[in-house]
Amino acid sequence: MRFAKILERILATFPIMFGVALIVFLFMRFTPGDPVDLMMGEAGNVSQEEVQALRDQFNLDEPVYIQIKDYFQNLLQGDLGESFKKRRPVLDLIAETLPATIELAIAASIFAIIVGIPIGVYSAVRQKKLVDRLSMGASFLGISMPPFWLGIVLIFIFSVKLGWTPVKGRLDFGIEIQRITGLYVLDSLLTNNWAGLKSALKHLILPSITLGSAMAAIVARVTRSSMLEALSMDYVSFARAKGLVEWKVILIHTLRNALIPTVTVIGLEIGVLLGGNMIVETVFSWPGLGRLAVDGIFNRDYPLVQGVVMFYAFTFVMANLIVDIIYTYLNPKLRI
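Residues numbered from 1 in each chain as written. Predicted model: local features only at pLDDT ≥ 70, side-chain atom pairs only at ≥ 80, totals over all residues. Heavy atoms only, no water.

Description of the packing of helix α5 (residues 90-125) against helix α9 (residues 194-231)
So, step 1. Running from amino to carboxyl end, α5 crosses α9 at an angle of 35°, the nearest separation of the two axes being 5 Å. Between α5 and α9 lies a crossing whose hand is right-handed.
So, step 2. For the contact of α5 with α9, the class distribution of residues is 21 nonpolar, eight polar and two charged. (Axes fitted to C-alpha atoms, helices over the stretch in contact; angles between N-to-C directions. Helix = DSSP H or I, 4+ residues; strand = E, 2+ residues; numbered from the N terminus. Left-handed = near helix turned anticlockwise from the far one by under 90°. Nonpolar A, V, L, I, M, F, W, Y, C, P; charged D, E, K, R; others polar.)

In structure tokens form, the structure reads like this:
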């Protein structure tokens with residue numbers, strides 16, 4: 001029954017993806033700016049024949065409905081097209097940059113969970129105490145700070161002034177890691193490349209803190225709120241009345257029931273981390289999907305932007321589905 005529901009939800013993603021693809025296609029076509037003009041501007045003096053040949057190659061002179069038909073025909077065959085700028089298949093470009101984005105999103109999520117949940121739990125237990133007010137004030141600050149500003153401040157303090165962390169990129173100059181998965185931390189562990197592991201971790205610190213700070217703040221506030229509600233329940237009073245030690249009451253009887261809203265937030269925020277890290281990747285020159293999308297937007301690279309946005313939409317849909325599945329395990333009374 002559960003498998004059938006999951007399959008039903010997966011099938012429901014197809015019309016969503018179709019709608020996203022159509023909206024992005026139309027949006028890019030009606031956005032001011034011509035990709036051929038941008039490309040020819042970089043090439044210098046070019047003839048009108050060369051411009052027209054490029055427009056014919058990209059089918060830009062065809063009516064929009066013809067372009068839509070061709071696009072969806074290719075899409076049904078799993079072909080996202082070829083990048084105007086890089087002259088390479090969009091799928092290859094996404095596959096090449098995706099591991100960097102996934103690695104950064106995982107690191108940011110781990111940071112947010114490690115920081116956010118303990119702060120939320122401790123604040124709930126120490127409600128209205130000084131530590132509660134300080135942690136909630138810090139979480140409000142974390143939500144309020146724009147990532148680009150936080151990233152620049154962290155670079156200035158820890159990279160420029162103290163020299164503890166690198167300024168940009170994924171590895172130090174001269175360090176090489178054998179590519180297996182594209183996740184440098186994992187690849188360096190698999191190949192026993194300790195110099196590569198140290199370099200990869202150092203480069204992850206500032207981008208993951210920048211990307212994960214807002215998520216940590218949200219997780220802390222949601223965890224605190226749900227913990228306060230759970231602590232007022234009768235089963236918690238009953239557990240205390242049975243003489244259970246306080247840490248068992250908090251961690252085993254209260255936290256598990258309070259985690260459902262937190263899991264929802266984490267699932268949605270992971271989708272945000274994968275899809276909304278364009279600014280952070282640009283600030284830290286992180287060679288991921290977000291930076292690829294930014295380059296595509298500036299160059300009016302229609303196939304590239306369409307492919308990346310579709311991937312982002314797919315990520316959000318799958319993140320929601322995974323959250324719903326986890327719900328059913330945390331609370332068997334719930335159904336997908």
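A look at unusual backbone geometry
So, step 1. Backbone geometry places R87, a non-glycine residue, at a positive phi of 55°.
So, step 2. Relative to the helices and strands, R87 is located in the loop between α4 (64-76) and α5.
So, step 3. Not every positive phi belongs to a glycine, and N192 is a case in point at roughly 55°.
So, step 4. Looking at where N192 falls in the secondary structure, it is placed in the loop between α8 (184-190) and α9.
So, step 5. Judged by relative accessible area, N192 falls into the exposed class, the value being 53%. (Buried < 20%, exposed > 50% of the residue type's maximum accessible area, 1.4 Å probe, protein only.)

Let's talk about the environment of F111
So, step 1. Relative to the elements of secondary structure, F111 occurs in helix α5.
So, step 2. When its relative accessible area of 25% is taken as the criterion, F111 is described as partly exposed.
So, step 3. A C-alpha to C-alpha distance of 9.5 Å links F111 and I205, two positions 94 residues apart in sequence.
So, step 4. If near-sequence neighbours (up to four positions away) are discounted, F111 is found in contact with S208, I209, G212, S213 and A216. (Contact = heavy atoms within 4.5 Å.)

Considerations on helix α3 (residues 48-57)
So, step 1. Within α3, the full set of buried residues consists of V51, L54 and R55. With its buried residues spanning 100° around the axis, α3 presents them on a single face.
So, step 2. Backbone geometry just after α3 places N59 at a positive phi near 60°. (Arc of directions from axis to C-beta.)

Things to note about the pattern of salt bridges
For side chains of opposite charge, pairing can occur when their charged atoms come near one another.
So, step 1. In the structure shown here, the tally under the stated rule is five salt bridges.
So, step 2. Close ionic contact of R170 with E103 constitutes a salt bridge, the shortest N to O distance being 2.6 Å. Here E103 lies in helix α5 and R170 lies in the loop between α7 (147-161) and α8, a separation of 67 residues in the sequence. For the pair R170 and E103, one class covers both residues: buried. (Salt bridge = Lys/Arg side-chain N within 4 Å of Asp/Glu carboxyl O.)

Description of a nonpolar patch on the surface
So, step 1. Judged by side-chain polarity, F3, L7, I10, L11 and F14 come together as a nonpolar surface patch covering roughly 530 Å² of accessible area.
So, step 2. Along the polypeptide, L11 turns up in helix α1 (residues 2-29). (Patch = residues over 30% accessible without salt bridge, like charges linked within 9 Å, V, L, I, M, F, W, Y side chains within 5 Å. Areas by Shrake-Rupley, 256 points an atom, 1.4 Å probe, with all protein chains shown as cover.)

Some words on the nonpolar core
So, step 1. Ranked by internal contacts, the top residues of the largest apolar core, which has 40 residues, are V121, L204, L211, M215, V219, M227 and L273.
So, step 2. Secondary structure elements with two or more residues in this core: α5, α7, α8, α9, α10 (234-241) and α11 (246-275).
So, step 3. By residue number, the principal contributor to this core is α9, which donates 11 residues.
So, step 4. Core analysis: the second largest hydrophobic core is formed by 20 residues, I68, L80, L289 and V308 among them. (Core = buried A, V, L, I, M, F, W, Y, C linked by side-chain atoms within 4.5 Å.)

Keep in mind these values describe shape, not function.
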